[in-house]
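What the coordinates show
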Amino acid sequence: MDEILQIKDLTKKYGDFKLDQVSFSIPKGSIMGLIGENGAGKSTTINAILGLIKKDKGTVRFWGKELDSTIQIKENIGVVFDGINFYETLTPEKVGKICAAAYKQWDNPTYQNLLERFSIPQIKEIKTLSKGMKMKLSIAAALSHRPKLLILDEATSGLDPVMRDDILEIFAGFVKEEGRSILMSSHITTDLEKVADYITFIHRGRVIFSKRKSDLYNGYGVIRCESGLFEKVDKADILACRKDGTRWNILVGDKEKAKRKYKNAMVDTISIEDMLLMYVKGEQSNEESHFKRFI
Ligand SMILES: Nc1ncnc2c1ncn2[C@@H]1O[C@H](COP(=O)(O)OP(=O)(O)OP(=O)(O)O)[C@@H](O)[C@H]1O
């Protein structure tokens with residue numbers, strides 16, 4: 001079993017919104033970045049994985065077994081949400097004591113080290129801590145109960161760039177320990193570019209792709225061309241496109257094939273953020289006919 005988490009056909013309907021047969025897997029020892037626009041379904045996916053909402057359909061397997069017990073989740077999965085994770089009247093010191101009693105594998109030296117590294121005071125009430133400090137406290141606690149999987153839902157967005165960089169380094173070290181993995185949703189795609197091994201892109205409740213990051217960079221590309229060439233591009237090759245002045249930017253899934261097929265075109269690599277923008281804005285702006293999407 002090389003995968004720590006396998007999600008298959010996860011489906012949940014909320015009124016107009018449908019999380020639609022979401023499937024992806026997280027290999028052991030890796031960081032999976034979960035990206036998508038606001039309302040794409042990232043938190044719904046995470047909540048369904050954790051059993052915080054009832055899924056309509058689909059399976060979640062953890063280390064090969066269906067994930068259905070809260071005890072199994074509590075001990076093995078560390079969770080950090082973008083919000084308050086503890087009672088506001090507790091202090092970081094009390095959080096440590098409560099967690100020591102609550103978790104079999106609580107690692108107090110790690111917790112103390114992280115509090116110091118993150119400059120979190122031991123005896124200040126949580127309600128008096130800044131948003132960033134609360135996030136750091138949650139991350140310290142989640143890492144210190146030695147979970148096999150850490151799930152973070154927008155958990156680093158309130159942190160300054162220096163602290164984010166420090167935390168990304170800690171995450172990279174965490175997954176080096178055998179079998180541990182991270183699933184992190186983030187709008188800060190540059191963080192994921194730095195640290196993620198895999199990227200899953202959810203758009204309007206559906207998985208557009210779930211791929212190794214290096215395969216994304218090696219595979220996807222953008223053709224930049226004038227209208228004349230745009231007309232000749234095989235529509236089957238176009239994943240999304242956007243007109244920028246007189247030039248077209250065309251997202252393709254196989255950069256090298258595009259270079260061979262369209263010899264006069266400029267074919268560039270594309271960042272995760274630009275890829276996401278082309279998918280999302282291409283569809284949104286359809287009626288203005290500046291953008292079009294063909295899949
Ligand atoms: N409890 C709920 N009841 C009804 N609709 C919900 C509920 N939770 C989420 N939704 C809807 O499901 C859709 C997906 O929301 P979700 O929070 O999963 O998106 P997201 O990708 O995490 O977005 P963001 O980046 O803004 O956090 C949205 O349309 C949202 O309004």
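Residues numbered from 1 in each chain as written. Predicted model: local features only at pLDDT ≥ 70, side-chain atom pairs only at ≥ 80, totals over all residues. Heavy atoms only, no water.

Take the sheet that holds strand S5 (residues 65-66) next. Overall, antiparallel pairing links the four strands, which are arranged S2-S1-S4-S5 in an open sheet. Of all the strands in the sheet, the pair left with one neighbour each is strand S2 (17-27) and S5. Summarising the sheet, strand S1 (residues 3-14) and strand S4 (residues 57-62) pair through five bridges and their orientation is antiparallel. In the strand pairing of S4, Thr11 is matched with Lys57. Running over the sheet, helix H1 (residues 42-49) touches S1, S2 and S4 and is turned about 115° from S1. (Pairing = 2+ DSSP bridges. Helix = DSSP H or I, 4+ residues; strand = E, 2+ residues; numbered from the N terminus. Contact = heavy atoms within 4.5 Å. Axes fitted to C-alpha atoms, helices over the stretch in contact; angles between N-to-C directions.)

Next up on the list: the site of the ligand. In the region of the ligand, the neighbouring residues are Tyr14, Phe17, Glu37, Asn38, Gly39, Ala40, Gly41, Lys42, Ser43, Thr44 and His187. Within the contact set of the ligand, an oxygen atom lies 2.9 Å away from a side-chain nitrogen or oxygen of Asn38. A distance of 2.9 Å separates an oxygen atom of the ligand from a polar backbone atom of Gly41. Surface burial for the ligand is 57%, taken as the share of its 640 Å² of free accessible area covered by protein chains. Among the elements that make up the shell around the ligand, the one with the highest residue count is H1 (three residues). When the residues that make up the shell around the ligand are grouped by side-chain class, the tally is three nonpolar, six polar and two charged. (Near = heavy atom within 4 Å. Polar contact = N/O pair within 3.5 Å; in protein donor to acceptor, adjacent residues only side chain to side chain. Areas by Shrake-Rupley, 256 points an atom, 1.4 Å probe, with all protein chains shown as cover. Nonpolar A, V, L, I, M, F, W, Y, C, P; charged D, E, K, R; others polar.)

Right, let's get into the confidence of the model for the protein chain. Within the protein chain, residue pLDDT values average 89, and 93% of them lie at 70 or more. Contacts of residues 284-295 to residues separated by more than four positions or lying in other chains number 29 contacts, the stretch itself having pLDDT below 50. (pLDDT = per-residue confidence, 0-100.)

Take the domain arrangement of the protein chain next. Structurally, the protein chain comprises domain 1 (3-215) and domain 2 (220-292). Relative to domain 2, the C-alpha centre of domain 1 lies at a distance of 34 Å. Contact residues are listed per partner, giving 14 residues for domain 1 and nine residues for domain 2. For the pairing of domain 1 and domain 2, the buried interface totals around 1,000 Å² over both sides, and the portion due to carbon and sulfur atoms is 70%. Between domain 1 and domain 2 we count zero salt bridges in total. Linking domain 1 to domain 2 there are two residue pairs in polar contact (both at pLDDT 80 or more). Among the secondary structure elements, those contributing two or more residues to the side of domain 1 that touches domain 2 are helix H7 (189-195), strand S9 (198-203), strand S10 (206-212) and helix H8 (213-219). In terms of residue class, the side of domain 1 that touches domain 2 is built from five nonpolar, three polar and six charged. (Domains from an automatic or database assignment. Buried area = accessible area lost by both parts, 1.4 Å probe. Salt bridge = Lys/Arg side-chain N within 4 Å of Asp/Glu carboxyl O.)

Backbone geometry follows two general trends: most residues other than glycine have a negative phi, and most peptide bonds adopt the trans configuration. For Asp9, which is not glycine, the phi torsion reads 55° and is therefore positive. Along the polypeptide, Asp9 turns up in strand S1. By relative accessible area, which is 23% here, Asp9 ends up partly exposed. Within the chain, Ser119 stands out as a residue other than glycine whose phi angle is a positive 55°. (Buried < 20%, exposed > 50% of the residue type's maximum accessible area, 1.4 Å probe, protein only.)

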